[in-house]
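For reference, the chains in residue letters:
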Amino acid sequence: MEIITRRGPRTMDRSEFDQLRDRFSSTLIDLGTGDGAWPRRFAREYDHCLAIGVDADRVALGEAAKLAGRKPARGGAPNALYVAASVEALPSELHGSADWVTIYFPWAALLRMILSGDDALASMLNELCTPRARLSLVLNAEAAPDGFAMPTPGRLHPVLQAPLSQARMRIVRCEWLEAQGAPPTTWGGRLVKGSGRTMLSVEATR
Ligand SMILES: C[S@@+](CC[C@H](N)C(=O)[O-])C[C@H]1O[C@@H](n2cnc3c(N)ncnc32)[C@H](O)[C@@H]1O
């Protein structure tokens, strides 16, 4: 798979990835990570975990990798990894590796996949997740793409039921999220700051 490091892109094969993963007790995969701030923060707080940010935007990942590549005393996180990929074609190296999948403030194809309850969501989770994995999803309810109604807990729960049960997950929470509960991502910070925008949170587990 293509990883983005502070020195630029390079390939990491399955055996190198497995060796890396073996050094940690669990693995977080953040899909649509954007500037990758969340996996870096998580990695700094939990140094026994591997935190992976995945995004199709290589420029944003390049900046993320530079910050993560700093010395830990200067904000770096040696246990953060950035993978360049679109969620529709996740590299096979990641298969069966995620103990926790986070998707925070998705847009474009990733958001449409969620709002339509697409089978691709189930396939993606089945590919990525370990047998006891969990999923955390936070949406900006006011940014529905064209053709979609504003998501509400009452609309989203039934839409997600089928793909999540195909992924052997059950929804444990699907509710409005207060500003103070926003995940510590860059978009979470932007939305919360004074805008009063509405967020939706979904938690699911195997
Ligand atoms: C609004 S940003 C959110 C970034 C970050 N999660 C945050 O909360 O700050 C949405 C991100 O999803 C990514 N994205 C959207 N569709 C994607 C896809 N199909 N595959 C990979 N990344 C995707 C975009 O490149 C963008 O970085």
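How each quantity is defined
- Residues numbered from 1 in each chain as written.
- Predicted model: local features only at pLDDT ≥ 70, side-chain atom pairs only at ≥ 80, totals over all residues.
- Heavy atoms only, no water.
- Near = heavy atom within 4 Å.
- Polar contact = N/O pair within 3.5 Å; in protein donor to acceptor, adjacent residues only side chain to side chain.
- Areas by Shrake-Rupley, 256 points an atom, 1.4 Å probe, with all protein chains shown as cover.
- Helix = DSSP H or I, 4+ residues; strand = E, 2+ residues; numbered from the N terminus.
- Nonpolar A, V, L, I, M, F, W, Y, C, P; charged D, E, K, R; others polar.
- Domains from an automatic or database assignment.
- Contact = heavy atoms within 4.5 Å.
- Buried area = accessible area lost by both parts, 1.4 Å probe.
- Salt bridge = Lys/Arg side-chain N within 4 Å of Asp/Glu carboxyl O.

Re the site of the ligand
Phase 1 of the analysis: Contacts to the ligand come from 17 residues, most closely from Gly32, Asp55, Tyr104, Thr185 and Trp187.
Phase 2 of the analysis: Backbone polar atom of Val87 to a nitrogen atom of the ligand: 2.9 Å apart, as the coordinates give it.
Phase 3 of the analysis: Interatomic distance of 2.9 Å between a backbone N/O atom of Trp187 and an oxygen atom of the ligand.
Phase 4 of the analysis: For the ligand, whose free accessible area comes to 600 Å², the fraction covered by protein is 92%.
Phase 5 of the analysis: At the level of elements, helix 4 (108-115) and helix 7 (186-192) are the ones that each hand at least two residues to the shell around the ligand.
Phase 6 of the analysis: Looking at the shell around the ligand residue by residue, the class counts come to 9 nonpolar, 6 polar and 2 charged.
Phase 7 of the analysis: Here the shell around the ligand spans two domains, since at least three of its residues come from each of domain 1 (1-95) and domain 2 (104-206).

A few points about the domain arrangement of the protein chain
Phase 1 of the analysis: Looking at the assigned domains, one finds that the protein chain contains domain 1 (1-95) and domain 2 (104-206).
Phase 2 of the analysis: Each of domain 1 and domain 2 has a C-alpha centre, and the two are 21 Å apart.
Phase 3 of the analysis: With 14 residues of domain 1 at the contact, the number on the domain 2 side is 11 residues.
Phase 4 of the analysis: Summing both sides of the interface, domain 1 and domain 2 together bury roughly 1,100 Å²; the carbon and sulfur share of this comes to 65%.
Phase 5 of the analysis: Linking domain 1 to domain 2 there are 0 salt bridges.
Phase 6 of the analysis: For the pair domain 1 and domain 2, the number of links is 3 residue pairs in polar contact (both at pLDDT 80 or more).

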